[in-house]
Amino acid sequence: MTTTHHFHKKPIGILLALFVLCLGEGFSQEKPRIAIFSGPTATIQNSYPLITSNKAREANDLPLLRNEQGEPLPYDRLYYQRLAAPVTLYVEMYTAHPLESDVRELYGAPDGFVGADGKFRQTRKDPSDKPVLKIALKPEDGLYPLPYMAVQADGQPWDGTAAYPGAPFSESRQTFYPNASRIFEEIERAGGNIHGIADYDFFRPAPAGGYTKGLPAELRTDVGEGDIAPETLGKDFFTYGPYGASQNRMQLARATNMVQRVMASGEYDGSIWLEGSPSIENTAYWMGLLIDSKSPLVFNAAQRMRGLVSADGDQNIIDGIQYIASGVWAGDDGASKVGSVMIQDQTIFSSREVQKGDAKPGGYVVTGGFGGVIGSMGYGAKLTFLPVRKHTHQSEVNFSRIPKSVPGITLSDNGLIATVDVAVKGPDGELIPESMPMVTLYKSARWKTEDDGSDDPSSEVDILARINDNLKKYPLAGFVGEGMAPYGSMIAPMDAALELAALHGFPVLKAARGNADGFMDTNPNNLFIEGHNITATKGRILLMACILRFGAYPPAKDPQNPTDEELEAIKEKIALYQEVFHTH
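Residues numbered from 1 in each chain as written. Predicted model: local features only at pLDDT ≥ 70, side-chain atom pairs only at ≥ 80, totals over all residues. Heavy atoms only, no water.

Undergrad: Please clarify how unusual backbone geometry should be interpreted in this entry.
TA: Outside of glycine, negative phi angles account for most residues, and trans bonds account for most peptide bonds. In this structure, the amide linkage connecting A485 to the following residue, P486, adopts the cis form with an omega of -5°. Examined against the element boundaries, P486 turns out to sit in the loop between β20 (477-482) and α8 (492-503). Even without glycine at this site, T41 takes up a positive phi of about 45°. Note on placement: T41 falls in the loop between β1 (33-38) and α2 (54-59). The exposure class of T41 is buried, given its relative accessible area of 15%. At Y379, a residue that is not glycine, the phi angle is positive and equals roughly 60°. Mapped onto the secondary structure, Y379 falls in the loop between β15 (373-376) and β16 (382-383). A relative accessible area of 86% means that Y379 is categorised as exposed. (Helix = DSSP H or I, 4+ residues; strand = E, 2+ residues; numbered from the N terminus. Buried < 20%, exposed > 50% of the residue type's maximum accessible area, 1.4 Å probe, protein only.)

Given below as structure tokens:
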């Protein structure tokens, strides 16, 4: 990464117009450069398992693949692969479309003819000879869809991802791609024409596929220096399925550091993050809060893996690229006026209000009851509404505004609650993974306890246990209580337990149930942050960011008996949090 790009300083539509006007004067316009980030459990980077074809099974005298009726499959599934040597093919004319032959008089002459004996001749020898076109395929041409011919080391066919049902990860192949470079090559081969729109660099902040044997530097297709060391499932890459491995808070910090570093470099005019469809909505919001960038941040997912009929990931990626290249996101100053967006099924969602509703086309829904869909990618990028929430370079909790340290809470040697200084950024200015806040979520429900009318917190043993555990392990921590809709009200014991958490110094957010389709009133007299119309899951993300910015509350010396001065100090700190929840 050596070239500095300034493509984002003007709306791209204006620049393209200038390009057309200046063609006669030798003017040339540089393409935008886009950073492509690979996130965890990404169906959009997952592929259908490599299954040994019937062509290979016939050659190796192996059982054929059959349909539900027990009949051999009529055609082999094709997989993109690379040629090892040049090869010449003869393709029958007029077979690319059922009606080609209807206008054969419009076509030029064939390159020759292939007879019933399979031999190519320049001239037709028999009326049954087929007219053909001659194609010379070369390795440098790139990928071609071909039958999969590989078998296992013991000669058995590949019937799935693993060598046999129930095999351990060490005896299985991966279906997730290690980065998106191969996907972009396949999109281009399929007619996506994306390399004419922009240039791309590929990054692996928290990928779904990994190099378990490592990879030499000269074979890398991502941006990075040196060899890739052997990678471990659950530490370096994160999948779902039979070998599922979830990412943790520390990995989120490392990924955020990479995205901020890349987007602050001045090299990129936008970015696309690829992740699993159930979780990307939270990552999109998190990055939109933390990343201090004036360039657009796009997030794409897929409901169906690569290789399936109607797989949706490629079009979502193409739409993301075209959105960035369109410049519709840019304000008069060239900076993003939209922040982070999710683009799914040709719909542009604000990252704060988007949520996965179902694993089907159009399965993403909006939350908060008002807005959420801000534009469309149908027939070009169009914005119809602009979000008023602060984001990216405007955010009050972005990288530039997070201090080096914030106050945290712990137990002193004498067993009393004490405030400690917690470093959240290292000397390099990046987030310290071990300092990421532990924020837990609790859901209120009626008919839950023996006596809902009691305000005794002792029945909320899970919340009380978490308070004690946080005091021992997590100086930066918080709580989210999901209550009723739309007020966020909770049963009395939960209210009391979460109030006790606030008195210990832990920020507590109240959010409304479900999609939060209504606005909560702000009550300056209680010890809670009210979530406005944010969902509990998105509220948890914003609360984590706020804790990195503001730290813990000043704890009461005796949380069971706080003084008026201690209560007032806590409320003053809550006001800082509340303002962010009203504006982000």
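Back to the text.
Undergrad: Looking at this structure, I do not really get the side chain of R352. What am I missing?
TA: Among the structural elements, R352 can be located in the loop between β12 (347-350) and β13 (354-356). Under the relative-accessibility criterion, R352 is labelled buried at 5%. Apart from the residues lying within four places of it in its own chain, the contact partners of R352 are Y285, T367, R389, G531, N533, I534, K538, F581 and H584. (Contact = heavy atoms within 4.5 Å.)

Undergrad: Please explain the side chain of R249 as it appears in this structure.
TA: As for its position among the elements, R249 is in helix α4 (residues 249-263). Buried charge R249 goes without a salt bridge, the closest partner of opposite sign being D469 at 9.1 Å. In terms of polar contacts, R249 uses its side chain to reach the backbone carbonyl oxygen of M436, at 3.4 Å. (Lys, Arg positive; Asp, Glu negative; His and termini not counted. Salt bridge = Lys/Arg side-chain N within 4 Å of Asp/Glu carboxyl O. Polar contact = N/O pair within 3.5 Å; in protein donor to acceptor, adjacent residues only side chain to side chain.)

Undergrad: Even after reading the chapter, I still don't get the packing of aromatic side chains, so can you show me in this structure?
TA: Two aromatic rings, taken as a pair, are described by how far apart their centres are and by the angle between their planes. This structure, assessed with the given rule, holds 17 aromatic pairs. Considering the side-chain rings of Y94 and Y107, the 5.4 Å spacing of their centres and the 85° angle between planes classify their relative orientation as edge-to-face. Here Y94 is found in the loop between β3 (87-92) and β4 (112-114), whereas its partner Y107 is found in the loop between β3 and β4, with 13 residues between them in sequence. In this structure Y94 comes out as buried when scored by relative accessible area, which is 17%. You can call Y107 partly exposed: its relative accessible area is 35%. Put simply, the rings of F37, F203, Y268, W273 and F299 pair up and form one aromatic cluster. Positioned above the aromatic ring of W158, the side-chain terminus of R173 is 3.7 Å from the ring centre. Sitting over the ring of Y144, R189 keeps its end group 4.6 Å from the ring centre. (Phe/Tyr/Trp six-rings, centres within 6.5 Å; stacked < 30°, edge-to-face > 60°. Lys NZ or Arg CZ within 6 Å of the ring centre and 35° of its normal.)

Undergrad: Just to check I follow, could you spell out a nonpolar patch on the surface for this structure?
TA: On the surface, a cluster of nonpolar side chains totalling about 320 Å² of accessible area is made up of V87, L89, V91, L133 and I135. Only β3 and β6 (130-137) provide two or more residues apiece to the nonpolar patch. As for its position among the elements, L89 is in strand β3. The exposure class of L89 is partly exposed, given its relative accessible area of 36%. (Patch = residues over 30% accessible without salt bridge, like charges linked within 9 Å, V, L, I, M, F, W, Y side chains within 5 Å. Areas by Shrake-Rupley, 256 points an atom, 1.4 Å probe, with all protein chains shown as cover.)

Undergrad: Whenever I open this one, the nonpolar core confuses me. Can you help?
TA: Nonpolar side chains in soluble globular proteins generally cluster together in the buried interior. M263, W286, F479, L542 and L543 are the most contacted members of the largest nonpolar core, which totals 78 residues. Excluding its chain neighbours within four sequence positions, the residues that come into contact with W286 are L252, T256, M436, I541, M544, A545 and L548. Judged by nonpolar contacts, the second largest core, of 31 residues, contains Y177, I183, I321 and I374. (Core = buried A, V, L, I, M, F, W, Y, C linked by side-chain atoms within 4.5 Å.)

Undergrad: Can you help me understand the environment of T239 in this one?
TA: Position of T239 among the secondary structure elements: in the loop between β8 (199-203) and α4. Separated by 63 residues in the primary sequence, T239 and F176 place their C-alpha atoms 7.5 Å from one another. Residues within four places of T239 in sequence aside, it is in contact with T41, F176, A208, L233, G244 and A245. Only 2.7 Å separates the side chain of T239 from the backbone oxygen of Y243, close enough to count as a polar contact.

Undergrad: Would you take a moment to explain empty space enclosed by the protein for this structure?
TA: To find the voids left in a structure, one rolls a probe of water-molecule size over its atoms. With the rule as written, the count across this model stands at two cavities of 30 Å³ or more. Among the elements that take part in the lining of the largest cavity, helix α5 (residues 280-290) stands out by supplying three residues, more than any other. Of the residues in the lining of the largest cavity, the class split is four nonpolar, six polar and three charged. For the second largest cavity, the calculated volume is near 40 Å³. If you trace the second largest cavity, you find it lined by F37, V259, S271, I272, W273, M287, L297, V298 and F299. Looking at the lining of the second largest cavity, the elements that each hand over two or more residues are β9 (270-274) and β10 (297-300). (1 Å grid on protein atoms, 1.4 Å probe; cavity = no way out; pocket = protein on both sides within 12 Å on 5 of 7 lines; lining within 4 Å. Points joined across faces, edges and corners; volume = space filled by probe spheres on them. Nonpolar A, V, L, I, M, F, W, Y, C, P; charged D, E, K, R; others polar.)

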